[in-house]
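# Coordinate analysis (summary)
Each chain, written out:
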Amino acid sequence: GGDAALPATRSPPQFAALSALHDALRSPDPDPDPDDPEEPAQAWDGEHRTRAGVLAPIRNPPRVPASDADEDTLRAADAAPPADVSTAAEAPQAPMQPGGRAFGILEKERRRTDIARLFAMWDTCSDVSREGSGYIEQAELEDVLARWHGWTGKKERADGAGEVLLGFDLNADGRLDAAEFERFMWGQTAAKPIAAFDHFMRFLMQTVSAAADVSEAARREEGLTALFRKWDVDGSGAVDAEELCEVIVRYNECSRLEGNAAAAVVMDGWDDGSGALDSGEFLALFVAKAERMAPEVFDYLLYRLGRCVDDLLYERARRVGFQPLAVSDLEAVWRQSTSSTPLVLYGEAVDPAMHVERLAAERRTTVRSLLVTNTKHEAIALDALSKWGLGRGHWIYIVVDRAYGRLDAFLRAVGTALRRGPTYLFHRHFRLWVMVNTPGYYALPQILRHGAIPVPLDSVRADRAVRYEAEQRIDPPALAAGTAKLLF
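Numbering of residues starts from 1 in each chain and follows the order in which that chain's sequence is written. At least 70 in pLDDT is required for a residue's local features to be given in this predicted model, at least 80 for side-chain atom pairs to be given and counted, and no such filter applies to totals for whole chains, interfaces and linings, which use all residues. Excluded from the side-chain calculations are hydrogens and water; all other atoms, namely the structure's heavy atoms, are used.

Let's shift gears to the sheet that holds strand E5 (residues 343-346). For two strands to count as paired, DSSP must find a minimum of two bridges between them. Working definition: helices are DSSP H or I runs of at least four residues, strands are E runs of at least two. Numbering for both runs from the N terminus. Pairing within the open sheet is parallel, and its five strands lie in the order E6-E7-E8-E5-E9. A single partner strand is all that each edge strand has here, and the edge strands are strand E6 (367-372) and strand E9 (453-456). Averaged over all pairs of adjacent strands, the angle between their axes in this sheet comes to 20 degrees, without regard to strand direction. In the sheet, E6 pairs with strand E7 (residues 395-400) via six bridges, with the strands oriented parallel. Following the sheet pairing, Leu 371 is matched in E7 by Val 399. Residue contacts are counted whenever heavy atoms from the two residues lie within 4.5 Å of one another. Fitted lines through C-alpha atoms serve as axes, helices being fitted only where they are in contact, and the angles separating the N-to-C directions of these axes extend from 0 to 180 degrees. Together, E6, E7 and strand E8 (431-436) form the strand contacts of helix H14 (residues 353-362), whose direction differs from that of E7 by roughly 175 degrees.

Below, the structure written as structure tokens:
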């Protein structure tokens with residue numbers, strides 16, 4: 001052959017397709033969507049400015065680069081004018097690059113995901129023990145924005161949150177739903193480069209988390225204050241050693257000698273020498289004890305303490321003796337049960353929680369105790385039933401407050417979970433204990449009662465106390481390394 005030019009080579013079809021996909025991901029959306037918060041910036045920003053006047057943006061957090069590679073990006077972001085919702089409409093469109101205003105589809109979706117996660121956190125910051133309402137209320141806006149901006153005055157907090165609502169609460173219901181919140185956040189972050197956006201969101205999530213911690217601390221203090229008032233049986237303004245011992249005996253299901261010893265240790269560590277715990281000492285004691293507890297674990301502790309105090313008040317009002325349930329009573333029904341047979345404890349006279357834990361400790365089995373008073377507790381309990389109970393053989397002890405409005409629906413969900421799969425897949429050590437504070441068994445859903453073993457707690461008789469006291473003199477060997485959770 002000669003020096004004839006070679007024919008031009010053509011790229012394989014799959015390379016051309018990949019190139020087209022790459023260009024689509026890095027290019028802005030060719031067909032603007034009027035409902036997309038970042039596409040029609042001029043239209044909705046202008047509307048908000050007309051309604052709200054000049055809206056101060058969320059102040060930027062400290063500029064700390066995530067790595068050396070981010071240093072130039074952050075410097076460029078600092079040199080640019082701040083992203084102000086009031087000037088977003090007049091700002092020129094940024095070039096089509098990762099750090100500009102026009103992002104590819106993947107980056108836009110990533111930001112939307114981060115904003116949705118922030119919304120879920122912010123929605124529950126006023127009460128982390130419950131599921132969010134699906135809206136960010138004005139009080140939740142005030143808590144977070146005041147911490148972010150450093151607002152201290154009540155009027156300043158209300159005006160700042162009110163200005164945000166005036167600009168972005170499109171249906172004027174006094175709160176932000178998910179779509180309104182996304183528009184608000186996009187107005188604050190649309191002009192930020194990728195590194196600056198991530199830095200901004202990280203600090204804002206930390207601020208929301210700090211506000212949630214403050215709200216949770218206030219919620220716990222309120223619950224403990226109500227418990228203190230009820231625990232102060234004689235109205236002296238303090239919980240004395242005798243009142244403390246009475247509740248410890250009921251909570252730990254122990255002898256009075258052991259209760260006195262535990263009360264003495266508590267008094268020695270937290271009392272100022274007066275022989276009683278005032279409200280401040282009482283709160284300090286239980287705040288320290290519950291410091292590392294998750295919200296649902298703290299709620300269960302508070303519930304059990306309340307039941308023990310109620311038993312003490314009932315005993316003193318009726319002048320009847322303490323009639324506890326014996327471990328052998330539960331052991332007898334446990335021997336009749338299988339992993340697919342729920343044990344339904346119902347009644348109001350006795351709280352059997354400690355005996356369930358002691359029985360599990362004797363069998364060297366882990367028991368997970370859960371209180372259900374709201375929909376978030378429901379989800380936690382059903383998840384534990386599936387993950388830790390059916391899957392790993394733990395005992396699941398669920399207490400359902402009879403005042404809970406979704407009592408029937410939740411018990412149906414529990415019964416359905418037990419009937420959903422073949423029983424041969426259940427872990428053989430698994431047991432489900434359901435405690436319902438109601439005197440009637442047949443009022444419970446049939447899907448839960450089917451095949452269940454009922455345990456009527458209101459039939460506790462005085463002659464069981466003798467057997468109970470005998471059991472307390474001999475601690476099972478497994479209890480030393482067992483799972484029974486003592487109060488003190």
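Buried residues of nine kinds, namely Ala, Val, Leu, Ile, Met, Phe, Trp, Tyr and Cys, make up a nonpolar core once their side-chain atoms join them within 4.5 Å. Under the scheme applied here, a residue whose accessible area is under 20% of the maximum for its type counts as buried, over 50% as exposed, and between as partly exposed, the area being computed with a 1.4 Å probe on protein chains only. With 31 residues, the main nonpolar core has Leu 118, Trp 122, Leu 141, Phe 181 and Met 185 as its most contacted residues. Looking at this core, the elements with two or more residues in it are helix H4 (105-123), helix H5 (138-149), helix H6 (154-168), helix H7 (178-189) and helix H8 (194-231). With eight residues, the top contributor of residues to this core is H8. Each residue touching Leu 141, except ones within four places of it in the same chain, is listed here: Trp 122, Ile 136, Ala 146, Ala 161, Val 164, Leu 165 and Leu 176. In terms of nonpolar packing, the next biggest core, distinct from the first, is built from 30 residues, Leu 244, Cys 254, Val 309 and Met 354 among them.

For salt bridges, the criterion is a side-chain nitrogen of Lys or Arg within 4 Å of an Asp or Glu carboxyl oxygen. In the structure shown here, the tally under the stated rule is 26 salt bridges. Residue Glu 246 pairs with Arg 256 through a salt bridge whose shortest N-O separation is 3.2 Å. On the criterion of sequence distance, the pair formed by Glu 246 in helix H9 (residues 241-252) and Arg 256 in helix H10 (residues 256-270) is long-range, its members being 10 residues apart. You can call Arg 256 partly exposed: its relative accessible area is 42%. In this structure, the salt-bridge partner of Glu 331 is Arg 363, at a minimum N-O distance of 2.7 Å.

The analysis is restricted to geometry; functional conclusions fall outside its scope.
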